[in-house]
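Here is what each chain is made of, one letter per residue.
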Amino acid sequence: MDLATIEKVVAFIGALVVFTFALIGLKGEWHKKGLDDNVTKVLLGLMAFGCVLVVLASFGVLPRGGGGA
Amino acid sequence: MATVAPGVPTGPYHAVLDHIHPEPTSFIRKYIFSIDAKVIGMQYFITGAIFFVIAGLLAEIIRTQLLSPHGAILSAATYNSVYSMHGSAMVWFVVIPLLTGAFGNFVMPMQIGARDVAFPWLNLVAFWLFPVAGVILFSSFLVGAPDAGWTEYPPISLQGPLGTNLWCIAVFLIGISSTMTGINFMVTIYKMRAPGMTFTRMPLFVWGQFATTPLLFIATTALGAALAALFIERVFGVPFYDPKRGGSPVLWQHMFWFYSHPAVYIMIIPGFGIISEVLPTFARKPIFGYKMIAFSSVAISLLSFSVWAHHMFTSGMVPWLQLPFMIITMVIAIPTGVKIFSWMATLWGGSINWKTPALYATGFLITFTYGGLTGFFLAAVPADYHEHGTYFVVAHFHYVLYGGSIMSMFAGIYYWWPKMTGRMYNEKLGQLQFWLTFIGFNATFTPMHWLGLLGMPRRVATYDPQFQFWNQFASISSYVMALGTVLFFYILFDSLRNGKKAGPNPWGARTLEWMVSSPPPYYNFKKIPAVLAAPYDFGNPLPYLGLDAAPGATEATPTSASHPVPTY
Amino acid sequence: MAVSVAVHGHGPDDHGGHDDDIIYQETRDMRLMGFVLFLVSDVVLFSSYIFAYIYLRNSIQPTWPPIVDGHQLPRLDTAFAAFNSVVLFGSGVTMHFALESWKHANKPRFNTFMWLTIFLGLGFLGGQGYEYAHAQIGGWSGNIFGASFFTLTGMHGIHVFLGVCFLFALWIQTQRGVYTEHRFFGLTAGTLYWHFVDVIWVVLFFLFYLW
Ligand code: HEM
Ligand SMILES: [Cu+2]
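Conventions adopted
Residues numbered from 1 in each chain as written. Chains lettered and ligands numbered in written order. Predicted model: local features only at pLDDT ≥ 70, side-chain atom pairs only at ≥ 80, totals over all residues. Heavy atoms only, no water. Contact = heavy atoms within 4.5 Å. Buried area = accessible area lost by both parts, 1.4 Å probe. Salt bridge = Lys/Arg side-chain N within 4 Å of Asp/Glu carboxyl O. Polar contact = N/O pair within 3.5 Å; in protein donor to acceptor, adjacent residues only side chain to side chain. Helix = DSSP H or I, 4+ residues; strand = E, 2+ residues; numbered from the N terminus. Nonpolar A, V, L, I, M, F, W, Y, C, P; charged D, E, K, R; others polar. Donors = N, O, S within 2.8 Å, 3.2 Å for Na, K, Ca; no water. Buried < 20%, exposed > 50% of the residue type's maximum accessible area, 1.4 Å probe, protein only. Expected span 1.5 Å × (residues − 1). Arc of directions from axis to C-beta. Near = heavy atom within 4 Å. Phe/Tyr/Trp six-rings, centres within 6.5 Å; stacked < 30°, edge-to-face > 60°.

Peer 1: Any chance you could break down the interface of chain A and chain C for me, citing the residues and the numbers?
Peer 2: The partner chain C presents 35 residues to the 36 residues of chain A that form the contact. In terms of surface lost to chain C, no three residues of chain A exceed Glu7, Asp36 and Met47 of chain A, which account for 21% of the buried area on that side. One can count 2 salt bridges joining chain A with chain C. Lysine 32 of chain A serves as the salt-bridge partner of glutamate 100 of chain C, at 3.2 Å between the closest nitrogen and oxygen. Here chain A is connected to chain C by 3 residue pairs in polar contact (both at pLDDT 80 or more). Mapped by element, the contributors of at least two residues to the side of chain A that touches chain C are helix H1 (3–29) and helix H2 (35–58) of chain A. Among the elements that make up the side of chain A that touches chain C, the one with the highest residue count is H2 of chain A (15 residues). Class assignment of the residues belonging to the side of chain A that touches chain C gives a composition of 23 nonpolar, 7 polar and 6 charged.

Shown next, in the form of structure tokens:
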């Protein structure tokens, strides 16, 4: 396994973990109503989306045409 | 805690409003590094006035140069620097800080029945950035002042003298100051209104400030980004705008106008607010269309984010974008027109008391409307192809900026001067000053319309001899304006020394700032009043409860010097 | 007593108790709103440069990365960036749980999560350094690719760095006993700021590595 593959595997596993915990955090926030809670919901959601991007990247789905290096 | 009068909604935020610190005693904390919004407002006024005089002198240098078709006094290069500095100083160091920082800080907290703004320390920092940035801007004359106009388009600005870097820094700093003020004012107005002051009971000046805040803290950041990129391109050679290296000069224009079109509304919406206070007070009538005036400010503010490319019709932007930008630009004229008609209806049938502020407000109506009409011409793409880059544009924006923003500020200063200083100004001289300014202004800028239509380009040190007559006419008229300005400062100094005592409410106005003594006490209100209605119902009793005279109300007394509540 | 209005008379003996809580709550709400507005204005800062990047990138279609002096620039290292992104997103989640622990008065757990966050943040910065050292795209001032990449990620890096300092300062404050279980606005602000920095990276990650 070359370095890039190791990085991708670690990124994939890490993304799954982080995604899960982001959702757990989101669930905990969900019923709260303050301005800070609402902003946190949006930001946690986007972070979870970031994890999806990482998963896509680790499978080479994105970028189209394959990554560099 | 005292009881609440029946029917008065208690605002959710009055506990913190009521909180009082003792007045500082040392000179420095009282007048230099003060956190009192009124003092900060006065500091803005004084600093802005100094910059106004400097930038005004630059303007007179421009007009003097144009007395002769070959340029009377300056080299072409110096002339470029002079008009660039004139425009930059007037926009960022006079009109914006005066209309937001100065008027906003002095008037707005009192009008909402608050003791101060939400973040007094932030306010202090925002103010002090202003003179510092101003000194940086003007010191660029020492190393070669910027010479690509106030818009500093690349690639010319990339080749500009060293002072262009200072220009970037100065405008960046004043931008940070604007951003702070915007955030501060929005939180203040949103959270700190007196109990009972719902949004539709706010004075229209407060509405003006409120509608301006998103422009201040959203648009200004885009300018900061553009400026920082220009700076690093000039200093570190990082390519953003240089077409030789793959950059794009049009990119600058997009970033710049994404800020600067909203900025022209930063420079006029607070002025709308001033006019909306002055007109009903002197017509002694309720303002016509309160809600329409209030909401149209917000509509203008939001729409103004989507029209910036009307400055770029000739810059080689994609053709299919021109039509939408033209249409949205024209749509903005609708809420603007709504305002103009509401003000005219306010004057209609009123027994107008023609004091200087009323004269200025009426003068504003005339000149601003005129400027709006020429804006409409410019927004039409085919017409703009002919007019862009000519004196027609110069005429347009001086009608809206001098005839609009500056005239509204004159109205506001005459109006609130008794409140600021406790003294009246000399009314006869004030009226004379109005006529000098009004006639001088129109005579200076009206001819520029036809000069522009005949094709006289802006930003050139010389001109074709066929344009000589109207240029000389404009230059001589501009000296009349200058005389008016000198007289203005004379009137203010005269009032400070000889003015009659004003008393709390010389105009019989009805907003809250007139309910306290002149000049206002340190914490504005001994007690926070409650508000029962919008302030413009002339003829009815005042819609306030719990003003100082109310019997039995407890007075707020200073607690301790440091904040007693840990607010981390 | 005749008509009078909701006025709290704050006498010197008024401290503590109920009023004190109200004042804290109102002050906190104002600060929170101000802080969120500051974040909004910071979003515009990033958006402006993102706009610049997209604009420049489109102006030289169809080749991206661009060809400079007849030489095709390589793409950036996606695999490493994916790894580094997870580090940063992870720190966002740990920060969230740090704040939650504080709210539940679980100080040891708070400390653990706080330090995890700070270390992950520093790790991300280290990763950025590694990335900068290995990116073969002609440096900051070489061409428009380098210009937009280093400006945007550099600005983001500065934000991360300031964020780490912010979090560290907050941690010291907690050790000095500045915050209580009910009054901890600083921690709320720090968490929001840190989340914001992470989310900006989501966008940058997509724009520079996945697009
Ligand atoms: C009815 C409203 C308005 C319309 C339709 C309008 C339209 C325009 C257009 C299309 C231009 C570009 C002209 C060109 O460069 O070819 C322009 C320039 C300008 N406008 Fe307006 N405008 C309006 C109101 C205002 C107001 C209220 C202000 C400021 C208080 C303002 C300040 C300016 C300035 C400063 C410029 C010139 C910028 C420069 O090139 O140096 N305008 N306007
Ligand atoms: Cu415009």
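Structure shown, so let's carry the discussion forward.
Peer 1: Please provide a residue-by-residue account of the coordination of the copper ion (ligand 2), values included.
Peer 2: Residue and element names in this part refer to chain B. Donor atoms from the polypeptide that coordinate the copper ion (ligand 2) comprise His261 (ND1), His310 (NE2) and His311 (NE2), at 1.9 to 2.0 Å from the metal. The metal-metal distance between the copper ion (ligand 2) and the iron atom of ligand 1 is 4.6 Å. Accessibility expressed as a relative area gives 14% for histidine 310, which makes it buried.

Peer 1: Give me the coordination of the iron atom of ligand 1: which residues, what numbers.
Peer 2: Within the protein, a single donor atom binds the iron atom of ligand 1, namely His396 of chain B (NE2) at 2.1 Å. Examined against the element boundaries, histidine 396 of chain B turns out to sit in helix H15 (residues 391–421).

Peer 1: How would you explain helix H11 (residues 290–303) of chain B if you had to name every residue and give the values?
Peer 2: Since the α-helix advances by 3.6 residues per turn, residues separated by three or four positions end up pointing in the same direction. Residue and element names in this part refer to chain B. End to end, H11 covers 20 Å across 14 residues, agreeing with the expected 20 Å (1.5 Å per residue, within 8%). Within the sequence span of H11, burial applies to Tyr290, Ile293, Ala294, Ser296, Ser297, Ile300 and Ser301. Projected down its long axis, H11 carries its buried residues within an arc of 165 degrees, all on one side. Close packing links the buried residues of H11 with helix H8 (204–236), helix H9 (249–266), helix H10 (269–283) and helix H12 (322–347).

Peer 1: Explain the site of ligand 1 to me, using residue names and the numbers behind them.
Peer 2: Residue and element names in this part refer to chain B. Taken together, 22 residues lie around ligand 1, and Trp150, Asp384, His388, His396 and Arg458 are the ones closest in. Between ligand 1 and the protein, one listed contact pairs an oxygen atom with a side-chain N or O atom of aspartate 384 at 2.4 Å. Between ligand 1 and the protein, one listed contact pairs a nitrogen atom with a side-chain N or O atom of histidine 396 at 2.9 Å. Elements with a minimum of two residues in the shell around ligand 1: H9, helix H13 (356–379) and H15. No other element matches H13, which puts 6 residues into the shell around ligand 1. In the shell around ligand 1, the residues fall into 13 nonpolar, 7 polar and 2 charged.

Peer 1: Explain the arrangement of the chains residue by residue, including any values.
Peer 2: By contact count, the dominant pairing among the 2 pairs of chains in contact is that of chains B and C. One thing to see here is that chain A and chain B don't touch, and their nearest C-alpha atoms sit 13 Å from each other.

Peer 1: Can you tell me about the packing of aromatic side chains, naming the residues and giving the values?
Peer 2: Two aromatic rings are characterised by how far apart their centres lie and by the angle between their planes. Residues and elements named next belong to chain B. Scanning the entire structure with this criterion turns up 91 aromatic pairs over all chains. For the pair phenylalanine 199 and phenylalanine 210, a centre-to-centre distance of 5.5 Å together with 50 degrees between the ring planes defines the contact as tilted. Taken together, the residues span a long stretch of sequence, with phenylalanine 199 in the loop between helix H7 (163–191) and H8 and phenylalanine 210 in helix H8 at a distance of 11 residues. Taken together, a centroid distance of 5.1 Å and an interplanar angle of 80 degrees make the contact between tryptophan 470 and phenylalanine 473 edge-to-face.

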